[in-house]
Each structure stands twice: as C-alpha cells, then as structure tokens.
Amino acid sequence: MKRSGPLYTLLGGLLLALFMLSLNATTGEGNTSYGNDSPGAASPAPTSAKPTKSTPAPTESPSKSPSKKPTGKSEYAGRTADDAAAVSISIRDDKAIAYYCNGRDAESWLKGNVEDDGSMRLTGKHGAKLDGTLADNAVRGKVEIDKQPRDFTAARAKKPSGLYRATTEVRGAEIDGGWIVLPDGRQVGILKQDGKPQKAPRLDPETGAVTFDGGELTASPVVP
C-alpha cells in the first residue's frame, strides 16, 4: 500500500496537466490561425479602392436643322429701306422670281433658287442681283440695281397682294407690264411699250384687268 501512493500522485499530476491543456484549447489562448485577430496585432492599413472608369453619358447626335424654306407657293412684298422702290418675291418650292420697281423708270426681274436654310441669291439682266434670307414670314436682304445696293424687307403677302405681270401686243406694239400690290393695297408698277417705261395704270387684283390706251390688258400672278 505504501508503493501505490506515489503512483496515485503521478497519475493525478498527469490528469491535471491534461485538464490544463484542454482548458487552453477551449479558451483560445496561445496562437491561432487568424493572426490579425490576436490581441495587440496591428490592423491592416486600409487599401484605397481603385477608381473605376466612368462611362460617359451617350451624347445625342445633332439633328439636322429644320428647313426654313416654305413648301408650295408663297408671296412676299415690301419696300426698300430708303422707300425708293418696291420689291416683291414669288416663291414656289425651291424656285423664286423677284421684281424690283420704282414705279417710274427703273425695274428689274430676277430669278434663282431658295436653299434649305431660307437663303436665296437671285440674278437678273445688267448685273442685277438680290441676296435675301427668308425667316419669320418675311424676306430680308439687299437688292442691287444699276450698281445701287438697297436694303429691303418683304413681308408675307396674302391675296390679292403679290406680284403680277402682263405681256402682250396692242396694235403692233409690244407691251410688258409688272405690278407689285403691297399688303396695304398700294400698287407700284411699270408698263413698257416697245421698251419705253412709264408708270403702270392701276390693276384690278381680283380680275387682273388693266385699262390701257383705250383697251384692256389682263395681268396674271407670277409663278416661278
């Protein structure tokens, strides 16, 4: 019995050691596989996120500017800025005819095209030219006759206003007349007899009738 005492003491010490080892394992003391979670371990420095490339918003392709050119037939009539003469323009689709007249001795017929942006460059005999732009129901620009440039404005005209012309022969004489009927009812025109200009007699815009030299002419609206 005396020999079993030390044996029991040794066995008790082993059991105590095993108990202590087991306690360490369950309480997490000592090293673990998550080193950053250990007390006193430095926290990892925050890493800046890599900036992502932003996708630019899609841009709309510029649309083509709407055409300022009228479709069909339209009339414009007005006067030069110095009030020296009248100007009328008749437009149908992309074609235009204009008439410049001072009502006494100077006139010119001009023609040309109208562009999609409303601009036009018309030309006539003896270097006559008209540069204008159609916008806001009016044609504004410059007309040059006999090398004398003049600014003008011709507003949209409604019947019976507009541009009229008559060409015929009376008793062997060639007759060529042009009339501008302004929006306020005034008329400006020249009638040529065998090339000699004179003030045109009054035109009846409703019928086109013109009394001349004891007879009658019939003037018609000008169509490009």
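The text that follows walks through the structure, step by step, so that each part is easy to find. Fair warning: this is a prediction, and the values are worked out from it, not measured in the lab.

According to the stated counting rule, one finds eight salt bridges in the structure shown. Here Asp131 and Arg121 are joined by a salt bridge, their closest N and O atoms 2.8 Å apart. Placement of the pair is Asp131 in strand S6 (residues 129–135) and Arg121 in strand S5 (residues 119–124), with a sequence separation of 10 residues. Under the relative-accessibility criterion, Asp131 is labelled partly exposed at 29%.

Turning our attention to the pairing of strand S10 (residues 173–181). Burial of S10 is extensive: seven of the nine residues sit out of reach of the surface. Of the pairings in the sheet, the one linking strand S9 (residues 162–170) to S10 comprises nine bridges and is antiparallel in character. Considered in S10, the bridge of Ala166 is made with Gly177. Connecting S9 to the antiparallel partner S10 that follows it, the hairpin turn spans two residues, and Arg171 within it adopts a positive phi of roughly 50°. The pairing of S10 with strand S11 (residues 187–193) spans seven bridges and is classified as antiparallel. Paired with Gly177 across the strands is Leu191, a residue of S11. Hairpin geometry of S10 and S11 is characterised by an intervening segment of five residues between the two adjacent antiparallel strands and by a positive phi of about 95° at Gly185.

To continue, consider the sheet that holds strand S12 (residues 196–199). Strand order in the open sheet made by the five strands is S12-S11-S10-S9-S15, with antiparallel pairing throughout. Looking at the sheet topology across the chains shown, the edges are occupied by S12 and strand S15 (220–221). Here S11 pairs with S12 via four bridges, running antiparallel. Of the residues in S12, the one forming a bridge with Lys192 is Pro197.

The next subject is the sheet that holds S5. Pairing is antiparallel in the closed barrel, where eight strands are placed in the order S1-S2-S3-S4-S5-S6-S7-S8. For this sheet, the mean inter-axis angle between neighbouring strands, taken without regard to orientation, is 25°. With two bridges connecting them, strand S4 (residues 107–113) and S5 associate as antiparallel partners. Of the residues in S5, the one forming a bridge with Lys111 is Thr123.

Residue position: Val114 is located in the loop between S4 and S5. Using a relative accessible area of 3% as the deciding quantity, one classes Val114 as buried. Distance in space between the C-alpha atoms of Val114 and Thr133 is 8.8 Å, their sequence separation being 19 residues.

Conventions adopted
- Residues numbered from 1 in each chain as written.
- Predicted model: local features only at pLDDT ≥ 70, side-chain atom pairs only at ≥ 80, totals over all residues.
- Heavy atoms only, no water.
- Salt bridge = Lys/Arg side-chain N within 4 Å of Asp/Glu carboxyl O.
- Helix = DSSP H or I, 4+ residues; strand = E, 2+ residues; numbered from the N terminus.
- Buried < 20%, exposed > 50% of the residue type's maximum accessible area, 1.4 Å probe, protein only.
- Pairing = 2+ DSSP bridges.
- Axes fitted to C-alpha atoms, helices over the stretch in contact; angles between N-to-C directions.

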